[in-house]
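So the chains spell out like this:
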Amino acid sequence: MPASDPAPPAEDRAGAADGYGAPRRLWRGLDRHRPPGVDAVTRGWRSPLRGPWLTSVFGAVLLATLPLVIITGLLDYAAYGPRFGQAFPTDVGWLRLPYFNWPTRPSWLFRLTQGLHVGLGIVIVPVVLAKLWSVIPKLFDWPPARSVAQVLERLSLLLLVGGILFQIATGLLNIQYAYVFGFDFYTAHYFGAWVFTAALVAHVALKLPRMVTALRPRPGRDALRTPRATTRPEPPDPDGLVPVRPGPPTVSRRGAVALVGGGSLLLAALTVGQSLDGPLRRTAWLLPRGQDPGGGPNGFQVNRSAAAAGIQAADTGPGWRLTLHGAGRTVTLDRAGLLAMAQHTARLPIACVEGWSTVQTWTGVRLRDLAALAGVPDPSSAHVRSMERAGLFGQATLQANQVLDPDSLLALRVNGADLSPDHGFPARIIVPALPGVHCTKWVADIDFRTDG
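Residues numbered from 1 in each chain as written. Predicted model: local features only at pLDDT ≥ 70, side-chain atom pairs only at ≥ 80, totals over all residues. Heavy atoms only, no water.

### Looking at the packing of aromatic side chains
The geometry of an aromatic ring pair is captured by the separation of the ring centres together with the interplanar angle, meaning the angle of the planes. Following the criterion strictly, the structure yields 14 aromatic pairs and no others. Between the aromatic rings of Y177 and Y179, the centroid separation amounts to 5.9 Å while the plane-to-plane angle is 40°, which identifies the pairing as tilted. A relative accessible area of 38% places Y177 in the partly exposed class. Measuring from centroid to centroid gives 5.7 Å for Y190 and F191, while their planes differ by 85°, and the two rings are edge-to-face. Accessibility expressed as a relative area gives 7% for Y190, which makes it buried. Each member of the aromatic cluster is reached from another via a ring pair, and the members are F166, Y177, Y179, F181 and F183. The ring of W133 has R50 lying over it, and the distance from NZ or CZ to the ring centre is 4.1 Å. (Phe/Tyr/Trp six-rings, centres within 6.5 Å; stacked < 30°, edge-to-face > 60°. Buried < 20%, exposed > 50% of the residue type's maximum accessible area, 1.4 Å probe, protein only. Lys NZ or Arg CZ within 6 Å of the ring centre and 35° of its normal.)

### Points about the pattern of salt bridges
One pass over the full model with this rule turns up twelve salt bridges. Linking R281 and D277 is a salt bridge whose minimum nitrogen-to-oxygen distance equals 2.7 Å. Taking relative accessible area as the criterion, R281 reaches 2% and is therefore assigned buried. Connected through shared salt-bridge partners, E153, K207, R210 and D239 make up one network. (Salt bridge = Lys/Arg side-chain N within 4 Å of Asp/Glu carboxyl O.)

### What to know about the sheet that holds strand β10 (residues 443-449)
Read across the sheet, five strands follow the order β2-β1-β10-β5-β6 without closing on themselves; strand pairing throughout is mixed. Here the strands that pair on one side only, and so sit at the sheet edges, are β2 (330-333) and β6 (395-399). Neighbour-to-neighbour, the strand axes of this sheet turn through a mean angle of 15°, independent of strand direction. Sheet analysis places strand β1 (residues 322-325) next to β2, joined by four bridges and oriented antiparallel. Bridged to L322 within β2 is L333. (Pairing = 2+ DSSP bridges. Helix = DSSP H or I, 4+ residues; strand = E, 2+ residues; numbered from the N terminus. Axes fitted to C-alpha atoms, helices over the stretch in contact; angles between N-to-C directions.)

### Observations concerning the pairing of β10
The buried fraction of β10 amounts to six of the seven residues, a majority that puts the element mostly inside the structure. Summarising the sheet, β1 and β10 pair through three bridges and their orientation is parallel. Residue pairing across strands places L324 opposite I446, the latter belonging to β10. Taken together, the six bridges between strand β5 (residues 381-386) and β10 define a ladder with antiparallel strand orientation. The partner of A382 across the bridge, within β10, is F448.

### Here's the deal with the nonpolar core
Of all hydrophobic cores here, the largest spans 64 residues; its most connected members are W362, L370, L410, I446 and F448. Here this core gets five residues from one element, more than from any other, and that element is strand β7 (residues 409-414). Aside from chain neighbours lying at most four places away, what touches L370 is L324, L333, L338, M341, V365, L410, I446 and F448. By size, the runner-up hydrophobic cluster in this structure holds 28 residues, among which are V125, A199, A256 and L267. (Core = buried A, V, L, I, M, F, W, Y, C linked by side-chain atoms within 4.5 Å. Contact = heavy atoms within 4.5 Å.)

### Regarding unusual backbone geometry
Each neighbour pair has its own omega, and for F88 with P89 the value is 0°, a cis peptide bond. Along the polypeptide, P89 turns up in the loop between α4 (52-79) and α5 (109-123). Here the amide bond leading from F425 into P426 is cis, since omega sits at 15°, within 30 degrees of zero. Tracing the backbone shows P426 in the loop between β8 (417-418) and β9 (428-430). Although it is not a glycine, Y177 adopts a positive phi angle of roughly 60°. Structurally, the position occupied by Y177 is in the loop between α7 (148-175) and α8 (185-215).

### Here's the deal with the side chain of S420
Along the chain, the position of S420 falls in the loop between β8 and β9. By relative accessible area, which is 18% here, S420 ends up buried.

### Quick word on the pairing of strand β3 (residues 344-351)
With six of eight residues buried, β3 is to be regarded as a mostly interior element. Taken together, the eight bridges between β3 and strand β4 (residues 357-366) define a ladder with antiparallel strand orientation. Across the sheet, L348 pairs through a bridge with Q360, a residue of β4. Remark: five residues form the turn of the hairpin made by β3 and β4, two consecutive strands paired antiparallel; G355 in that turn has positive phi of roughly 110°.

### Things to note about a nonpolar patch on the surface
There is a patch of nonpolar side chains on the surface, built from L68, W108, L112 and L116 and spanning about 340 Å² of accessible area. Position of L116 among the secondary structure elements: in helix α5. Among the residues examined, L116 registers a relative accessible area of 30% and is labelled partly exposed. (Patch = residues over 30% accessible without salt bridge, like charges linked within 9 Å, V, L, I, M, F, W, Y side chains within 5 Å. Areas by Shrake-Rupley, 256 points an atom, 1.4 Å probe, with all protein chains shown as cover.)

### Considerations on α4
Across its 28 residues, α4 extends 40 Å between first and last C-alpha, which sits within 8% of the 40 Å expected from 1.5 Å per residue. Among the residues trailing α4, G81 stands out with phi positive, at a value near 75°. (Expected span 1.5 Å × (residues − 1).)

### Brief notes about the side chain of S381
Examined against the element boundaries, S381 turns out to sit in strand β5. With relative accessibility at 8%, the residue S381 sits in the buried group. Apart from the residues lying within four places of it in its own chain, the contact partners of S381 are F84, T397, L398, Q399, A400, V403, D447, F448 and R449.

### Focus on the packing of helix α6 (residues 125-135) against α7
At a closest axis distance of 12 Å, the pairing of α6 and α7 adopts a crossing angle of 150°. Taken as axis vectors, α6 and α7 run roughly antiparallel relative to one another. Seen along the crossing, α6 lies across α7 with a hand that is left-handed. The segment α6 lies against α7, with V125, V128 and L132 engaging V161, I164, L165 and I168. Looking at the contact of α6 with α7 residue by residue, the classes come out as seven nonpolar, no polar and no charged. (Parallel < 35°, antiparallel > 145°, perpendicular 65-115°, else oblique. Left-handed = near helix turned anticlockwise from the far one by under 90°. Nonpolar A, V, L, I, M, F, W, Y, C, P; charged D, E, K, R; others polar.)

In short, the description is geometric, and any link to function would need to be established separately.
Here is the structure:
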């Protein structure tokens with residue numbers, strides 16, 4: 001008879017019993033040399049609310065909202081026209097999105113995507129913090145891993161936690177124009193988003209079965225009906241989320257969910273007004289541009305003032321001229337000449353990367369009429385230059401569909417009045433669904449181009 005397989009070494013049998021994977025000596029050595037105080041820290045997290053169910057509830061909320069934040073962020077990047085080198089960062093290597101023409105319809109498209117990206121990013125902050133609170137004891141586990149596979153899992157978790165905190169922190173600082181971090185926001189936020197997205201996909205692939213299992217046997221209605229007095233710890237779980245020595249509850253799971261949900265609703269109430277016109281505009285207390293700056297026809301948000309752009313009164317006075325370039329033709333117009341052309345009025349939104357938006361009534365000359373005047377009735381693009389002396393957005397390139405849309409204007413007036421200096425007098429670009437920074441103000445020159 002053939003000899004039976006030899007029994008595994010005692011070390012391997014012990015490793016299998018205590019959950020260590022290869023190389024077992026490394027993990028056992030780390031376990032024997034525990035950092036001072038790590039056990040006290042781990043035992044200090046005693047809330048009986050911690051466990052798979054509560055963690056999975058917060059995780060399910062984030063799983064439903066984070067993909068929307070990611071997708072709208074990538075769509076907003078595409079709206080900036082990366083094919084023309086005017087989306088930041090400009091060089092993203094193999095992370096470049098497929099080129100496509102950003103649509104002009106519906107006219108509120110960018111208002112929606114940017115509003116959701118910024119608004120949801122703010123609203124989920126309490127949920128993110130609650131999710132981190134529910135798993136924070138795991139960050140102090142020792143040894144930090146028991147196998148190579150767990151090392152990879154912990155690394156993905158590090159990228160996930162660090163990524164979402166980085167994206168939230170830089171995003172909130174950008175909204176407030178507080179660039180205290182000393183690096184380019186656009187570059188860091190774009191690449192940070194990809195790092196976070198990759199970590200999120202890995203984390204969901206690893207933990208989704210556990211989340212489904214945790215939510216299935218304990219219906220939410222039972223957990224949310226349990227008062228504080230009868231709140232009990234969950235049974236021990238393989239991930240070690242349930243505390244070993246739980247203390248008495250200070251709040252029920254229903255109260256914890258209500259606290260987090262209430263925090264998100266409060267942030268929503270203090271944020272949503274930035275994307276809506278009317279009385280709710282005054283409730284956007286968290287945003288520096290949430291309030292209407294003054295009254296009158298020009299009483300709406302200004303992202304960059306004439307003074308900040310270096311625009312002086314002499315630049316916009318009677319000597320101002322608009323130069324149109326076309327197919328071997330150059331046309332120069334003053335403001336009186338533009339006002340003498342056919343005027344078109346459209347009610348269009350203008351939306352900013354910081355999240356605010358507003359709808360106003362604009363009057364001016366259609367861009368397609370100016371293209372025809374320059375001898376390019378069917379342009380492939382138009383390059384617009386401002387008199388602005390400093391800044392990243394003193395020029396912009398418009399796609400063919402943006403030039404030819406019937407509501408795309410070189411606006412001269414807003415709400416029946418001349419544009420104010422801060423809103424781009426003597427003329428500015430307004431295009432449906434175009435990011436606000438590309439609705440160039442103080443226009444000096446438009447070059448209508450063909451494919452050739």
